[in-house]
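Close look at the chain arrangement
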Amino acid sequence: MTVERILPTDEAHDLLELTTELADRELAPRVVEHEQRGEFPREVLRTLGRAGLLGLPYPEEYGGAAQPYEVYLQVLEILAGRWLTVAEAVSVHTLSCYPVAAFGTDEQRSLLPDMIGGELLGAYCLSEPQGGSDAAALTTKAARDGDEYVVTGTKAWITHAHTADFYNIFCRTGGPGPKGISCLLADRATPGIAPQTAERTMGLRSSPVAQLVFDDARVPADRLIGGEGKGFTIAMAALDSGRLGIAACAVGLAQAALDYAVTYARERQQFGRAIIEFQGLGFTLADMATQISAARALTLAAARLRDAGRPYSIEAAKAKLFATDVAMRVTTDAVQVLGGAGYVADHPVERYFREAKVLQIVEGTNQIQRMVISRALAKG
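Residues numbered from 1 in each chain as written. Predicted model: local features only at pLDDT ≥ 70, side-chain atom pairs only at ≥ 80, totals over all residues. Heavy atoms only, no water.

Looking at an unreviewed UniProt entry, the protein chain carries the name Acyl-CoA dehydrogenase, with the source organism given as Micromonospora maris. The record in UniProt for the protein chain states the following under Cofactor (unreviewed entry): "FAD". (UniProt positions renumbered as here; feature names shortened; annotations may be inferred.)

So this is what it looks like as C-alpha cells:
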C-alpha cells in the first residue's frame, strides 16, 4: 500500500526515495538469512552511514544532514518496514550520538563525524539487571582516580553490546538518586569492559543484546559528558527522542504487516472468491489500516513539536505507547488473516508478530509511558 506523505521540502522527498531504494536493495534481500543465523548486519549500517542516513537530525558541521525529526522518523519507518533490526539499530545509534552532540565539549564533538558517518557504532548503557524502569536507582559506580574514572558494575539489555565502538555509560559518581548520576563516553577497547553472552531473544535475532560487565574499567576523565551529576538529565532528554524513534519503528513494522496481509487476502480464494471480500475479514483490515494511520499521525505530530522547540515529552510518551500497542495488535491480526499460513516461517508475519512485542518494552515500557502521561494529567 502506498503511504501518502506530506513532506516539508523537495530534499526530504528525495531523501525518502533514496531510503526506499536502499531498503529494497540492501535490507530486504538479507533479512531472512541474517535473522536465521542471528548475525548482525554491521556492513549495512556502514552503507547507511555513508549514504547519510545515520546523522539525519544532527547539524551539518558535524557531518549530519540537519533534517527535521519529522523527516528522520519517516526514514526509520521505511527501514522498519523492510528490516526492524536495522531500523532499531539506526534509532539506538542516533540515540547514542545524542549525549555528545547535545552536551559534549568541542573536543568530544570532534568524534561526531565518524559516529554520524557510521564508522563508529554506538551503544546506550542505562538499564541494569536490577533496575530497568527505575533508572534513577542505577548502581554502576564510577570513582574518580586522578585523571580517570574507574567504572564497576553491570549493564543489561544493551543493544550493540558486542558490536559497538563506543558506549555511553550512565553511572553513579555521587550520592543516591538522579543527582548522583553522570555519563561517560568509553571506547570499546577499554580494558575491563566485557560483553557477556548474547541473550536468546524472541525476535530481532540478528540484533543480539547482552549484559556489559565493567570490572575496574578506566575511562579518561575528559570523557565525562556534561559534568558530574548531569547524567540523569542527559538520559531523560535522550529517551524522549528515542521514544519517537521506537514509535516510528512500530509504525513501519505495522505497515509491513498490513501490506502483506492485504496482498495475501486479495490472492487467497475461499468459497469461490478472494477472502478480502468477506466483510468480517475486510473490516479487520480496515481497522488495521486506520490504527496505523492514527499512530503515524500521533508520532509525526510529536516530532513537529520537537522540531519547533516546544515541549514534547508527554506527546512522545503518547506516541510510543499508542504506536507500539498498534504494532502488537496489527501483527497479531495479520497472523490471523493468514490463518495457518501465518503461523509458519514461510511468511514474514510470524516474524513481525515476534518483533512487535519488544517495541512495547524498549525505551521505557508502555506501563511507564502510561505513568508519565497520567502524572502529567494529575499535575494539570
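Those residues of helix α3 (residues 42-50) lying buried are Arg42, Val44, Leu45, Arg46, Leu48 and Gly49. Those residues of α3 hidden inside the fold are in contact with α1 (10-27), α4 (69-82), α5 (84-103) and α7 (112-116). Positioned one or two residues after α3, Gly52 has a phi angle of 85 degrees, which is positive. (Buried < 20%, exposed > 50% of the residue type's maximum accessible area, 1.4 Å probe, protein only. Helix = DSSP H or I, 4+ residues; strand = E, 2+ residues; numbered from the N terminus. Contact = heavy atoms within 4.5 Å.)

The next thing to look at is the environment of His93. The topology assignment puts His93 in helix α5. Taking the C-alpha atoms as reference points, His93 and Ser207, separated by 114 residues in sequence, lie 13 Å from one another. The residues touching His93, leaving out its near neighbours within four places in the chain, are Leu54, Met115, Ile116, Leu120, Leu121, Gly122, His160 and Phe166. Side-chain polar atoms of His93 contact the backbone nitrogen of Gly122, separated by 3.1 Å. (Polar contact = N/O pair within 3.5 Å; in protein donor to acceptor, adjacent residues only side chain to side chain.)

The next thing to look at is helix α10 (residues 313-338). The end-to-end C-alpha distance of α10 is 38 Å, a good match for the 38 Å that 26 residues give at a rise of 1.5 Å each. Immediately beyond the C-terminal end of α10, within one or two residues, lies Gly339, with a positive phi of roughly 65 degrees. (Expected span 1.5 Å × (residues − 1).)

Our focus in this paragraph is the pairing of strand β4 (residues 166-172). Most of β4 sits out of view: seven of its seven residues are buried. Where strand β1 (residues 122-125) lies against β4, four bridges are found, and the strand directions are parallel. The residue bridging Gly122 from the neighbouring strand is Phe166, located in β4. Where β4 meets strand β5 (residues 181-187), seven bridges bridge the pair, whose relative direction is antiparallel. By the bridge assignment, Ile169 is partnered in β5 with Leu184. (Pairing = 2+ DSSP bridges.)

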